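# Analysis of the macromolecular model
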Amino acid sequence: MTDYDELLEKAYSSIKSDGSTGERFEIPKLDSFTEGNKTIVKNFGTVVDSIRRKREELVKYLSKELAVPASLDADRLILQRKFFGDLINKKFEDYVNTYVICKQCRKPDTHIEAVGHVKMVVCEACGAKNPAK
Ligand SMILES: [Zn+2]
């Protein structure tokens, strides 16, 4: 085994050491840039499709969380303010952790079911149902 292999092995096992059985789901990153007084997330559509949630739902969520008007422009999200750093991704990660990733098996293969007033994250991989929070 070369040093490089060993390094890889180490890196890999530390990724897997979160206690779950399978591979860990990597939350995709939103890629944005500022233009004038706006921030444009250019891969918004692709990223939202990849977590199988409705674009409109994410627009509403981010608009509320970031306290700024937001709109869809084809695949892009337009935020009516300049954002620097990782605030948008931080909010997006909160969303994914709350509404997408299964609390039981940590997989993102879920959908939302409304049970009365409670939103449940229903896992298609392991069958778990957990309230979204
Ligand atoms: Zn699950």
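One structure accompanies this document, and this report is about it. Per-chain numbering applies: the sequence of each chain, read as written, is numbered from 1 onward. At least 70 in pLDDT is required for a residue's local features to be given in this predicted model, at least 80 for side-chain atom pairs to be given and counted, and no such filter applies to totals for whole chains, interfaces and linings, which use all residues.

### Focus on the pairing of strand β4 (residues 76-79)
Across the two faces of β4 the burial differs, with Leu 77 and Leu 79 buried and Arg 76 and Ile 78 not buried at all. When DSSP locates at least two bridges between a pair of strands, those strands are taken to pair. A run of DSSP states H or I qualifies as a helix once it reaches four residues; a run of E qualifies as a strand once it reaches two. Both are numbered from the N-terminal end. Direction of pairing for strand β2 (residues 38-41) relative to β4: antiparallel, over a ladder of three bridges. Bridge pairing in β4 places Ile 40 opposite Ile 78. Inspection of the sheet shows strand β3 (residues 70-73) paired to β4 by four bridges, in the antiparallel sense. Bridge assignment links Ser 71 to a residue of β4, and that residue is Ile 78. Between β3 and β4, which pair antiparallel in sequence order, lie two residues; one of them, Ala 74, sits at a positive phi of approximately 55°. Labels follow a simple rule on C-beta atoms placed from the backbone: if 20 or more others lie within 10 Å of a residue's own, it is buried; if 12 or fewer, it is exposed; otherwise it is partly exposed.

### Considerations on the environment of Asp 75
Assignment of secondary structure puts Asp 75 in the loop between β3 and β4. Two residues form a contact once the distance between their C-beta atoms, set from the backbone, is within 7 Å. When neighbours within four sequence positions are excluded, Asp 75 is seen to be in contact with Phe 44, Gly 45 and Thr 46.

### Details of unusual backbone geometry
Residues other than glycine predominantly adopt negative phi, and peptide bonds predominantly adopt the trans conformation. Phi angles above zero are rare outside glycine, and Arg 52 is one such case at about 55°. Residue position: Arg 52 is located in the loop between α2 (44-50) and α3 (55-65). We classify Arg 52 as exposed; it has 12 C-beta atoms within 10 Å.

### Notes on helix α4 (residues 87-99)
Over its 13 residues, α4 extends 18 Å from the first C-alpha to the last, a length consistent with the 18 Å expected when each residue adds 1.5 Å. Taken together, the buried positions of α4 are Ile 88, Phe 92 and Tyr 95. End-on, the buried residues of α4 take up no more than an arc of 55°, which puts them together on one face. In α4, those exposed residues whose orientation departs by more than 90 degrees from the buried face are Lys 90 and Asp 94. Residues of α4 that are buried in the fold lie against β1 (32-35), β2 and α3. Each residue after the first adds 1.5 Å to the expected span of a helix. The directions considered for the arc run from the helix axis to the C-beta atoms.

### Topic: the sheet that holds β2
Ordered in space as β1-β2-β4-β3, the four strands form an open sheet in which the pairing is antiparallel. Edge strands, defined here as strands with exactly one partner in the open sheet, are β1 and β3. In this sheet, neighbouring strand axes are inclined to one another by 25° on average, regardless of whether the strands run parallel or antiparallel. Sheet topology note: the β1/β2 ladder contains four bridges and is antiparallel. Bridging across to β2, Ser 32 finds its partner in Val 41. Convention adopted: a line fitted to C-alpha atoms gives each axis, helices being fitted over their contacting stretch, and angles between N-to-C directions are expressed from 0 to 180 degrees. Sitting on the sheet, α3 is in contact with β3 and β4, with an inclination near 150° to β3.

Any functional reading would require information beyond the geometric quantities listed.
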